[in-house]
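# Fold and contact review
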Amino acid sequence: MKTIKNKTIEQIASWIFFAIGMITILCVLVITLYLISSGLPAIQKIGLKEFLFSSTWNSTGSDPKFGILPFILTSLYGTLGALLLAVPVGIGCAIYLSKFAPPALKRCLLMGIQVLAGIPSVVFGLVGMVVLVPWIRSMFHLSDGACLLSAMIVLAIMILPSVVNVSLNALDAVPSEYEEASIALGATKLETVRKVSFPAARSGILASIILGTGRAIGEAMAVIMVSGNVANMPNMFQSVRFLTTAISSEMSYASGLQKEALFSIALVLFVFILLTNTILSKLMKEVQSNDSH
Amino acid sequence: MKKLATMIGLCTLILFSGCSNSKKENVSLNGSTSMEKLVGTLSEVYQKENPETDITYDPTGSGAGIQAVQEDRCDIGLSSRYLKEEEKEAGLKETIVALDGIAVIVNPENPISDLSLEQVADIFTGKITNWKELGGNDQEIVLIGREAGSGTRDGFETITKTEENCQYRQELTSTGDVITTVSSNPSAIGYASLEALGDSVKALSINGVPCDVQSIQDQKYALVRPFIYVTKKELEGASKQFYDFSTSQKAVPYIEQVGLVVYENH
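Residues numbered from 1 in each chain as written. Chains lettered and ligands numbered in written order. Predicted model: local features only at pLDDT ≥ 70, side-chain atom pairs only at ≥ 80, totals over all residues.

Rule in force here: UniProt positions are given in the numbering used here, feature names are shortened, and annotations may be inferred rather than shown by experiment.
You'll find chain B entered in an unreviewed UniProt entry as Phosphate-binding protein, with Dubosiella newyorkensis given as the organism. Annotation of chain B in UniProt includes, under Sequence similarities (unreviewed entry), the sentence "Belongs to the PstS family." Regarding chain B, the UniProt comment filed under Subunit (unreviewed entry) reads as follows: "The complex is composed of two ATP-binding proteins (PstB), two transmembrane proteins (PstC and PstA) and a solute-binding protein (PstS)."

The name given to chain A in an unreviewed UniProt entry is Phosphate transport system permease protein, with Dubosiella newyorkensis as the source organism.

## What about the overall build of chain B?
Applicable threshold: The way it works is that DSSP assigns letters per residue, a run of H or I at least four long becomes a helix, a run of E at least two long becomes a strand, and they are numbered from the N terminus. Partly exposed residues are those whose C-beta has more than 12 but fewer than 20 other C-beta atoms within 10 Å; 20 or more makes a residue buried and 12 or fewer makes it exposed, with C-beta atoms placed from the backbone. Contact criterion: two residues are in contact if their C-beta atoms, reconstructed from the backbone, are within 7 Å.
Along chain B, the regular secondary structure elements total 10 helices and 12 strands. Taking the principal axes of the C-alpha coordinates as reference, chain B spans close to 85 × 40 × 35 Å. Taken across its 266 residues, chain B has 42% of its residues classed as buried. Counting only contacts in chain B whose residues sit at least 6 apart along the sequence, the fraction spanning at least 24 positions is 73%.

## Considering helix α5 (residues 121-139) of chain A
Put simply, the test is: One fitted axis covers the seven residues ending at a residue, a second covers the seven starting there, and the bend at that residue is the angle between these axes.
Gly128 of chain A marks the point of greatest bend in α5 of chain A, at about 45°. Where α5 of chain A is concerned, the buried positions are Phe124, Gly125, Gly128, Met129, Leu132, Val133, Ile136 and Arg137 of chain A. Where α5 of chain A is buried, its residues contact α6 (148-172) and α10 (221-226) of chain A together with α7 (175-183) of chain B. Of the residues flanking the end of α5 of chain A, it is His141 of chain A, one or two places downstream, whose phi is positive at about 50°.

## As for the domain arrangement of chain B
Accessible area lost upon the coming together of the parts is a frequently used measure of interface size. Residues and elements named next belong to chain B. Defined as follows: Residue ranges assigned to the domains are those given by an automatic or database domain assignment. The nonpolar class holds Ala, Val, Leu, Ile, Met, Phe, Trp, Tyr, Cys and Pro. Asp, Glu, Lys and Arg form the charged class, and all remaining residues, Gly among them, are polar.
If you check the domain split of chain B, you get domain 1 (24-99 + 226-262) and domain 2 (100-224). Here the C-alpha centroids of domain 1 and domain 2 sit 27 Å apart. Between domain 1 and domain 2, the residue contacts involve 16 residues of the former and 15 residues of the latter. Looking at the side of domain 1 that touches domain 2, the elements with two or more residues in it are α3 (62-70) and β4 (93-106). When grouped by side-chain class, the residues that make up the side of domain 1 that touches domain 2 number six nonpolar, eight polar and two charged.

Structure, rendered in structure tokens:
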């Protein structure tokens, strides 16, 4: 009797967890379907080639133009720039924390990184707007400092904690026997890090970069406050607009085809993020399978 | 059985409380984000006197507000621009509630304090690119504007006749951002509602007329836009009362309180 009762309870529990698991899938499905169904009409009306590859965006003009190439390129360059700035610093920081820092200092620095990770993006934007933008202006003798470079720097600082944290975990997880063996064979500490610890932790380090990329592509709030938000083709020292900010800056007023086009931008952003994630995780799998050989 | 009875009892209770709530009258406003302070104050005062009325406000932007009245999704639409001809033909009616001065603002370090309306237009269309040409410092002019669709931008560009020709360096999404940016860049120029200004930026006089309440009331200041109630059908009940209140003498002190200028129809 008892075992039957237990079995039914288990059965019910498994149904409940199945349902809960399904909620996530359902959310993804609903969002995907909604984005596709509301994003496609404008692309059909404007024409895919015109929409993706023409460089003029003037959604409210008397002869409206809907070319999102500047947004795509800006998002691409902005994310790449942020990674270029954040990844070396982040990995360097993780190596120092994992292999060189005295424990007390490590605790201290980790606390700082955790605080940095917890700062809301609007605060990054605000500080960027009042401190970074005027600084860039005087540093590079520009007339105005709101530009792609400012956005890259703000994004880099924002993704730094994810890069450091995940890389640090990967480096900490390298078995100490590997490193001890390397030192016993006469390698210096630096050589050990370079030739033993780093390669052993590289799939985790790659994961940290994936996480950083995701955060950088999707960020809107901080970026809108420091990038100037004009639909120019990307230029280091010019005001630019990202895919995310293109949506958020016009959504509150948009109507008709303009609104539909904003949904299409969202669809493009969605595909963009899916693509980068797929490519990067493929890359990671390859690294992992190489590791196991 | 007991459970079922309780359930039924609960349902009736909920239904009943729903009924008693529906006695509350509802006025829905939808539109211009620039009118937030105005309608916020007016509805607060009105609700104090008429606690049984619920006033809701959706800050969606002038265009969206006008569309909402057109589609009967709200009682009164809020617009910070005059209605277009085709909108009037579609049966919409406009009533000016207040006037808002758009200040042209520069950094306090900027020696220039007066421009003509033509000069403002030339600056924003990129014909004048250096403050030197206007007798100021040798600095490139940095144009700070609002995003496409903003009521303030629409008002500014319509009055200066620079629609679609403004060469903005930055398009920001709020009045506060524009003021912060202008206050931190000595060569910047931007525009913002008079009521939002503080000491961090300098408002220029236009054609020699300073941007203040007096000159807007006297209709001497050039950059003025209307704050409008847009209606479609004849209003009735609470929305009619709120509309009457907003355009009555009683509303005048509150309109002035939020830094706006009262139109002569009050």
